[in-house]
Each structure stands twice: as structure tokens, then as C-alpha cells.
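# Overview (structure and organization)
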Amino acid sequence: MENRKRCKWCNLKNEIYVKYHDEEWCQPNFEDGYLFEMLILESFQAGLSWECVLNKRENFRKAYDNFDLDKVCDYGENKFNELVTNEGIIRNKLKIKASINNARIFREIVEEYESFYNYLKHFTNGKIIYENDKVSSDLSDRISADLKKRGMTFVGTTIIYSYLQAIGIIYSHDDDCYLYKSK
């Protein structure tokens with residue numbers, strides 16, 4: 001790995017984490033499949049580190065049928081039990097139950113707004129926000145509250161803020177990171 005200065009949270013000893021930091025984090029990606037995957041993964045982060053979730057990402061992709069929204073929406077008791085016993089993912093029953101429920105609500109939002117990004121634009125007016133050193137904001141508060149009102153769980157303001165960073169709506173590279181840019 002080259003000797004570039006990166007955000008302070010990036011564990012330079014973990015190649016997966018460095019690659020995520022360098023090539024994915026804060027990069028706008030508004031395709032519904034990606035937005036769904038990241039929302040589910042971020043919800044599993046609650047109480048854990050993103051690095052822990054990221055290290056299990058490929059296992060999550062296999063376990064969750066590559067985050068095929070329709071398949072996840074159709075998960076029943078057998079699939080739930082399979083996920084709860086899958087040692088390759090985070091086996092928290094409440095988070096697994098939430099992921100299936102949240103998938104169904106995600107699909108309802110897509111049906112209402114024609115895409116999940118259109119739903120998010122409802123809050124952002126399509127703008128990218130440049131800020132760092134925060135874990136929540138008025139924007140994440142409002143989106144979190146709306147998602148909760150719709151019935152989602154594990155979508156608190158901190159999780160949603162992290163999600164908005166991950167998908168590129170909030171650009172948060174540290175000021176001394178080689179990827180930093182301002183408005």
C-alpha cells in the first residue's frame with residue numbers, strides 16, 4: 001500500500017478497509033441495488049464497527065442472495081432461521097428480522113418515489129453535502145425519523161448519517177486525507 005494520508009478511521013492494516021476508503025466511501029452511487037445493500041449493511045453496524053461489517057460483506061452478499069430486493073422481501077421463517085445460524089454474518093435476530101422488514105419498506109419507498117435516490121433527494125434537493133467530524137445532522141435526523149415512521153428499525157440518526165456518507169450524499173473525508181475536497 002502506498003503511503004498516502006487517509007482518514008483517521010481507516011485501518012491501514014486491513015486491505016479491505018483501505019480499498020473501501022479509497023474507492024467506495026463518499027463516492028456517489030445512487031443505484032437502488034447498491035442503496036439497498038448499504039442500508040442493510042449499515043443497519044447491522046449498530047453497536048459494532050463498520051470494519052466488522054465490511055469484513056463480512058461477501059458473506060452477507062451470499063447469505064442475502066446478493067441483496068436481491070425481491071428475494072429478501074420474500075424471506076420467510078426458513079430463511080430467517082438459515083440467517084440466524086449463518087456463522088459468516090452477524091447473527092443478531094433483531095437485526096436479521098429488521099433487515100427483512102426494512103427490505104419490504106425499502107420496496108414500498110421505491111414504488112412510491114420510483115427510486116430510493118428520488119426519496120433521498122426529497123430531503124437533499126439532489127445536493128452533495130461537504131462536512132466532516134460529525135456523526136449525525138439535521139438531515140440524518142429527518143431521514144431517520146421518516147424511515148422510522150414508515151416502520152423501519154435500526155435506522156437511527158447515526159446509522160443514517162453513516163449511510164449517507166457511504167453512498168456519497170455526505171462527503172466527509174478528513175481535511176488532511178488525500179481524497180479531501182470541499183465544495
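Everything numeric in this text was worked out from a predicted model, so none of it was measured. (Residues numbered from 1 in each chain as written. Predicted model: local features only at pLDDT ≥ 70, side-chain atom pairs only at ≥ 80, totals over all residues. Heavy atoms only, no water.)

Counting residues in each nonpolar core, the largest one holds 57 residues, and the members touching the most others are Tyr 64, Phe 116 and Leu 164. Sorting elements by how many residues they give to this core places helix H2 (residues 32-45) first, with 8 residues. Those residues in contact with Tyr 64 that lie beyond four places of it in its chain are Phe 44, Val 72, Tyr 75, Leu 83, Ile 89, Ile 96 and Ser 99. (Core = buried A, V, L, I, M, F, W, Y, C linked by side-chain atoms within 4.5 Å. Buried < 20%, exposed > 50% of the residue type's maximum accessible area, 1.4 Å probe, protein only. Helix = DSSP H or I, 4+ residues; strand = E, 2+ residues; numbered from the N terminus. Contact = heavy atoms within 4.5 Å.)

Time to look at unusual backbone geometry. Although it is not a glycine, Asp 65 adopts a positive phi angle of roughly 50 degrees. Structurally, Asp 65 is set in the loop between helix H4 (57-63) and helix H5 (69-73). The backbone phi angle of Glu 114 is positive, close to 75 degrees, even though this residue is not glycine. Positionally, Glu 114 belongs in the loop between helix H7 (93-113) and helix H8 (116-124).

Here we take up the packing of H8 against helix H9 (residues 138-149). Remark: H8 packs on H9, axes separated minimally by 10 Å, with the N-to-C direction vectors making an angle of 130 degrees. Compared by their axis directions, H8 and H9 come out oblique. In the crossing of H8 with H9, the sense of the turn from one axis to the other is right-handed. On H9, the residues touching Phe 116, Tyr 119, Leu 120, Phe 123 and Thr 124 of H8 are Leu 139, Arg 142, Ile 143, Asp 146 and Leu 147. (Axes fitted to C-alpha atoms, helices over the stretch in contact; angles between N-to-C directions. Parallel < 35°, antiparallel > 145°, perpendicular 65-115°, else oblique. Left-handed = near helix turned anticlockwise from the far one by under 90°.)

Within the span of helix H1 (residues 15-23), buried status applies to Tyr 17, Val 18, Tyr 20, His 21 and Asp 22. Capping the start of H1 is the job of one residue whose side-chain oxygen sits 3.0 Å from the backbone nitrogen of Ile 16: Asn 14. (Polar contact = N/O pair within 3.5 Å; in protein donor to acceptor, adjacent residues only side chain to side chain.)

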